[in-house]
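# Commentary on secondary and tertiary structure
If you want the building blocks of each chain, they are given just below.
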Amino acid sequence: MKTMHDLIVIGGGPAGTSAAITCARSGAHVLLLERGRFPRQKVCGEFVSAESLGLLADLLAPQDKRLLADAVRIPSARVFLDGRTIETPVHPPAASISRLSLDGALWNSAEQCGAESRQQIVVQSISGNGPFLVATSVGEFQSRALINAAGRWSNLSRTPVNWRDAGVKWLGLKGHFAESSKSPSVDLYFFDGGYCGVQPVNVTGGLEQSVNACAMVRADRASTLPEVFSCHPALEERSCRWRALGDSVSTSPLVFRQPEPERNGILMVGDAAAFVDPFVGDGISLALRSGRLAGERLIPFFAGDLSLAEAVRNYRSSYEQRLASVFRMSSKLRQMLSLPRIIRTTILSLLEKSPAIRQYLVSKTR
């Protein structure tokens, strides 16, 4: 007979490991499945907002907490748009942590707290609504509860509709570069057809200063990072002094939809639930927080204090109350950026004159 796990988590990124760690620490029998293999690069801005640093510290095993101590701190943000530069403080400072290091540390922490962890396992199908039967490339597994943390383009996730025009294809691109000058800010360069975020990140063990350049761009505008850099004069000038630290990575298409925290009794976390606009810098934070929230709502079910249906309803309600507002605000900001330039100019002038409004917008995306 197949072992009945309390929980199967599909996907070993920040959302999946956050859920696995939370439930394993409560005594649940957790199986964590990952399609790929660590270490690996991911298209990600590598920005961890201050609101989630305490959660990350709690999730990490003692031997992995050095990751936070070594992280580059980000005390400010700069927006380069329509020839203007708008700067606002990031208080408390955020952290910049490479995904290669973050994913590895969280995976190790999940193993340390007792989660059974397996890599290079492809989930082929799911049946049942509690208990669940998960068919994979290496056989079948059973569980009382199931969390989907497999990302937005897993075969387990519904294909969403582009927020604006289903015929427009958006790409995600990321690369690390050596940069001699030190700018402890996250810099967002907006241009017609996309944007590129640049921030310092420690990817060379402190041997030289480096930055992460991560872009979302329309496919008909650019398909490589050098092409992206040429879309913005200030970014092109800055990037001409960079030296690539390895190959860039890409993902596509990037699309947006309303958050879906639950489907057929399966708890959805991270990008599987919804993909947030990258420029708000809250993707990793939402992954960690949604994973923790899903795990916390399942613990009473594992203890026999409520049914799975009740636990799922509680998660959906908590997700809406605590996390969904970030997606609504990011959608409004995205719409503002697509306004005609003459209207944007008025808005930008207002933002330049009002630090309070700038800080309010930052707070509403956290």
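Let me sum up the structure you'll find in this document. (Residues numbered from 1 in each chain as written. Predicted model: local features only at pLDDT ≥ 70, side-chain atom pairs only at ≥ 80, totals over all residues. Heavy atoms only, no water.)

### So, unusual backbone geometry
Here Phe-38 and Pro-39 are connected by a cis peptide whose omega angle stands at 0°. Backbone torsion omega between His-91 and Pro-92 reads -5°, so that peptide bond is classified as cis. Structurally, Pro-92 is set in strand E5 (residues 84-96). Unusually for a residue other than glycine, Gln-120 sits at a positive phi of about 55°. Relative to the helices and strands, Gln-120 is located in the loop between strand E6 (116-118) and strand E7 (123-127). Given the relative accessible area of 48%, Gln-120 is considered partly exposed. For Asn-264, which is not a glycine, the phi torsion comes out positive at approximately 55°. Structurally, the position occupied by Asn-264 is in the loop between strand E16 (262-263) and strand E17 (266-268). Looking at Asn-264, the relative accessible area reads 60%, which means it is exposed. (Helix = DSSP H or I, 4+ residues; strand = E, 2+ residues; numbered from the N terminus. Buried < 20%, exposed > 50% of the residue type's maximum accessible area, 1.4 Å probe, protein only.)

### Section: helix H1 (residues 14-25)
For H1, which comprises twelve residues, the first-to-last C-alpha distance of 16 Å matches the rise-based estimate of 16 Å (1.5 Å per residue) to within 8%. Within H1, eleven of the twelve residues are buried, which leaves the element mostly enclosed by the surrounding structure. Burial in H1 covers these residues: Pro-14, Ala-15, Gly-16, Thr-17, Ser-18, Ala-19, Ala-20, Ile-21, Thr-22, Cys-23 and Ala-24. On its buried side, H1 packs onto strand E1 (4-10), strand E2 (30-33), helix H2 (53-59), helix H4 (99-112), strand E9 (139-148) and helix H7 (283-302). (Expected span 1.5 Å × (residues − 1). Contact = heavy atoms within 4.5 Å.)

### Quick notes on the nonpolar core
Formed by 68 residues in total, the largest nonpolar core has its most connected members in Leu-7, Val-30, Ile-97, Ile-147 and Leu-298. In terms of residues, this core owes the most to one element, H7, which gives nine residues. Sequence-distant contacts of Val-30, that is, excluding residues within four places in its chain, are made with Leu-7, Val-9, Ala-20, Cys-23, Ala-24, Ala-115 and Glu-116. (Core = buried A, V, L, I, M, F, W, Y, C linked by side-chain atoms within 4.5 Å.)

### As for the pattern of salt bridges
Across all of its chains, the model carries 17 salt bridges by this definition. The shortest N-O distance in the salt bridge between Asp-103 and Arg-99 comes to 3.0 Å. Linking Asp-103 with Arg-99, this pair stays in helix H4, spanning four residues, or about one helical turn. Of the two residues, Asp-103 and Arg-99, neither departs from the other in class, the shared state being buried. The salt bridge partner of Arg-263 is Glu-260, with a shortest N-O separation of 2.8 Å. (Salt bridge = Lys/Arg side-chain N within 4 Å of Asp/Glu carboxyl O.)

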